[in-house]
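# Examining the three-dimensional arrangement
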Amino acid sequence: MKLLENKVVLITGASRGIGRGIALTLAQHGANIAFTYLSSPEKGMELENILKSHGVKAKGYQSDASQFNAAEQLINQVLTDFEKIDILVNNAGITRDNLLMRMTEEQFDEVLRTNLKSCFNTTKHIQKSMLKQRSGSIINITSVVGEKGNAGQANYAASKAGMIGFTKSVALELGSRNIRCNAIAPGFIETEMTGSLDPATVKGWADAIPMKRGGTVDDIANAVLFFASDLSTYITGQVLHVNGGMYT
Ligand code: NAP
């Protein structure tokens, strides 16, 4: 029996990068996958087909994670299509980096809405069905920057720190109903985004990491698998750092 056989997972922002890796790994372990994207319908359709080829049910939804009403519609639609949601992965996220001196109000608000308010939007609307089924695992993808801070990322770091407070509060509120809420804090993960960076810059980052390499999407997906599955049934309110030792 696979670890996530008959489980339904909703992942936000899975058209590429870490979210896509999470979808593929959880499908390999038997989960049926509902996922969202914002601006990449072709990539969403491609992922849907790949997931189906693993023999699981899969469907992509175009939905803006930063919008409260869109999240309500999304959750209702996924519950109609899949009948339940066992695991929620809040992964959708953006950066709008700038030094505070130059950061605009819009850059601050946009990042907070997409990274932090999105967690409220989905969790708020999913809790009723999880309370009813008396089980659930909510996994929020934060960042090492949410604990450490980073020059040029005041907006992003604030959003990721906020996700940690949100995670712990939800864990305290919903633990008695067997609903767990944990966060994963990736360090430097090599995705399409980092693939476009100057190789010397990437090497400089890798050299500063004790394990001497950036992480892969699989490193994060495996941590998500742990929190999603019954391997972690007594773990809630925690932040798991997956960063090769860069923040130790
Ligand atoms: P990415 O490659 O830029 O992918 C972001 C995903 O989020 C895409 O699927 C994108 O969809 C989706 N998205 C963006 N805004 C959205 C919105 N408003 N509503 C719905 N979906 C939206 O990012 P990534 O590197 O995989 O990062 C994934 C998560 O890990 C983020 O929360 C990020 O902060 C966190 N993280 C990443 C790293 C890293 O090194 N990569 C490190 C620490 C934490 P479209 O393609 O449709 O636009």
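Details of the structure are given in the entry above.
Attention in this report is confined to the structure presented alongside it. (Residues numbered from 1 in each chain as written. Predicted model: local features only at pLDDT ≥ 70, side-chain atom pairs only at ≥ 80, totals over all residues. Heavy atoms only, no water.)

### A closer look at the pattern of salt bridges
Convention followed: Here, a salt bridge means any Lys or Arg side-chain nitrogen found within 4 Å of an Asp or Glu carboxyl oxygen. A helix here means a DSSP run of H or I that spans at least four residues, while a strand means a run of E at least two residues long, and both kinds are numbered starting from the N terminus. Residue exposure (1.4 Å probe, protein chains only): buried if accessible area is under 20% of the type maximum, exposed if over 50%, otherwise partly exposed.
What the rule picks out here adds up to seven salt bridges. Between K59 and D81 there is a salt bridge, with its nearest N and O atoms 3.3 Å apart. Taken together, the residues K59 in strand β3 (residues 58–62) and D81 in helix α3 (residues 68–82) connect sequence positions 22 residues apart. D219 is the salt-bridge partner of R213, the closest N and O atoms lying 3.0 Å from each other. According to the relative accessible area criterion, D219 is partly exposed, its value standing at 25%.

### So, the side chain of N115
This is how the line gets drawn: Pairing of N or O atoms within 3.5 Å defines a polar contact, subject to two protein rules: one partner must be a possible hydrogen donor and the other a possible acceptor, and residues neighboring in sequence count only if both atoms are side-chain atoms. Any two residues whose heavy atoms approach within 4.5 Å are treated as being in contact.
Looking at the secondary structure, you find N115 in helix α4 (residues 105–133). N115 gets classed as buried once you look at its relative accessible area, which sits at 0%. Separated by 2.9 Å, the side chain of N115 and the backbone nitrogen of I94 make a polar contact. When near neighbours in sequence (up to four residues on either side) are disregarded, N115 contacts A92, G93, I94, Y156, S159, K160 and M163.

### Focus on the site of the ligand
What counts is decided by this rule: When we say a residue is near a molecule or strand, we mean one of its heavy atoms is within 4 Å of it. In these tables, accessible area is a Shrake-Rupley quantity obtained with a 1.4 Å probe, and a residue counts as shielded only by the protein chains included in the view. In this count, Pro and Cys sit with the nonpolar residues alongside Ala, Val, Leu, Ile, Met, Phe, Trp and Tyr, while Asp, Glu, Lys and Arg are called charged and the others, Gly among them, polar.
Taken together, 28 residues surround the ligand, and among them S15, I18, S39, S40 and Y156 come closest. Across the complex, the protein chains shield 93% of the 900 Å² of accessible surface that the ligand would expose by itself. Mapped by element, the contributors of at least two residues to the shell around the ligand are α1 (17–28) and α6 (154–174). Tallied by class, residues from the shell around the ligand come to twelve nonpolar, 13 polar and three charged.

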